[in-house]
Amino acid sequence: MKKKVIIPLVAIMLLLVGGIAYLLFNLNRQKQENQAMQELAALDKKEMENEYQQFANQYSEMKTQINNDSIVAQLTAEQEKTQRLLQELKETKSTDAREIARLKKELATVRAVLRSYVIEIDSLNRLNENLRAENTQVRGQYEEATRQIQGLNTEKASLSEKVAIAAQLDAISISMTAKNKRGKSTELISKCKNLQVNFSLAKNVTAQNGMRDIYVRITTPTGEVLGNAGSFPYENRTIQASMKKTVEYGGQETPVTMYWNVTQALVGGTYSVSIFADGNMIGSKSFTFK
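**Q** Can you walk me through the overall build of the protein in this structure?
**A** A tally of helices and strands in the protein yields six helices and nine strands. By the burial criterion, 40% of the 290 residues in the protein qualify as buried. Summarising the internal contacts of the protein: among those between residues at least 6 apart in sequence, 68% fall at separations of at least 24. For the protein, the accessible area works out to roughly 17,200 Å², and carbon and sulfur atoms hold 52% of it.

Next comes the structure, spelled out in structure tokens:
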């Protein structure tokens, strides 16, 4: 009778011990994945804060270059909006994905507005140069326009810096697919023979045309950076790249595909893809594999 009672009790205890061990293992793995995601989120948030601050500073500089009260008022309103969004971002935790996503959309809007002012001021500056080449009679006909653009004779280097901020590339439609040995898509990372990363460089008519070095950095669930495609400068330091590709960009939306061949065992979990160009992070996204 005692054996009939003891044996089931022992079995139940073994099952409980096994279950606890399995739970502890999963909790530890999840903790590692969360840490990697938090580090990437913090890096992305820091980059956004830097961009907001750059845009706010840019508005301050632009206001010193013009004497038109109407335009100054517009620039002041946009600067105050940018500073308010920056403060909201600083007060937002990097783990608040919804709020970070909202502020990232707001950042894209701020960048687009700044581009429009850069183009407008550049246009006014060019008009001023043409007016200076005209005779006294023609200059009299453009007297009102001349008053609006007084003080816009900025140096070429300063104007180039303004355009550079507005011309920053953006990576859109980011995707990462695991391919098996037959080149077919698979959700099982253990069968993956190479990782395919697809994205597009968004249309930007203010961006400089030409060849661009694009770097992709893939981070595993354990925080390890895959591959070794050399290094590149970012945030006053040098970081490792998983892949590198030189792309010809002509201002229009440009699709890009890159591959990373598996050279080590991969584990299931969340992988992060970050894309860099011209010393800036231009896009990032996370993907989960079994």
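**Q** Quick question: what am I supposed to make of the pairing of strand 2 (residues 194-201) here?
**A** Moving residue by residue along a regular strand, the side chains alternate between the two faces of the sheet. Among the eight residues in strand 2, eight count as buried, and that is most of the element. Where burial is concerned, the two faces of strand 2 agree: the one with Asn194, Gln196, Asn198 and Ser200 and the one with Leu195, Val197, Phe199 and Leu201 are both buried. Here strand 1 (residues 171-179) runs beside strand 2; their pairing, made up of seven bridges, is antiparallel. Opposite Lys179, over in strand 2, you have Asn194 as the bridge partner.

**Q** Explain the nonpolar core to me, please; I cannot follow it from the model alone.
**A** The nonpolar side chains of a soluble globular protein tend to be buried, and buried together. Met176, Leu195, Phe199, Leu201, Ile218, Val273 and Ile275 are the most contacted members of the largest nonpolar core, which totals 31 residues. Sorting the residues of this core by element identifies strand 1, strand 2, strand 3 (210-219), strand 6 (243-249), strand 7 (254-261), strand 8 (269-277) and strand 9 (280-289) as the ones contributing at least two each. Leave out the neighbours within four places in its chain, and Ile275 touches Ala171, Ile174, Phe199, Ile214, Tyr215, Val216, Asn280, Met281, Ile282 and Gly283. By size, the runner-up hydrophobic cluster in this structure holds 18 residues, among which are Met62, Ile71, Leu107 and Leu114.

Conventions and cut-offs
Numbering of residues starts from 1 in every chain and runs along the sequence as written. With the structure being a predicted model, the display of local features is reserved for residues of pLDDT at least 70 and the display and counting of side-chain atom pairs for 80 or more, all residues being used for whole-chain, interface and lining totals. Here the side-chain values reflect all heavy atoms present in the structure, with hydrogen atoms and water set aside. Working definition: helices are DSSP H or I runs of at least four residues, strands are E runs of at least two. Numbering for both runs from the N terminus. Relative accessibility decides the category of a residue: with a 1.4 Å probe and only protein chains considered, values under 20% of the type maximum give buried, values over 50% give exposed, and everything between is partly exposed. A contact between two residues is defined here by any heavy atoms of the two lying within 4.5 Å. All accessibility values rest on the Shrake-Rupley procedure with a 1.4 Å probe; residue burial counts only the protein chains present in the view. Pairing between two strands requires that DSSP report at least two bridges joining them. Definition used in this section: a nonpolar core is a set of buried Ala, Val, Leu, Ile, Met, Phe, Trp, Tyr and Cys residues joined via side-chain atoms within 4.5 Å.

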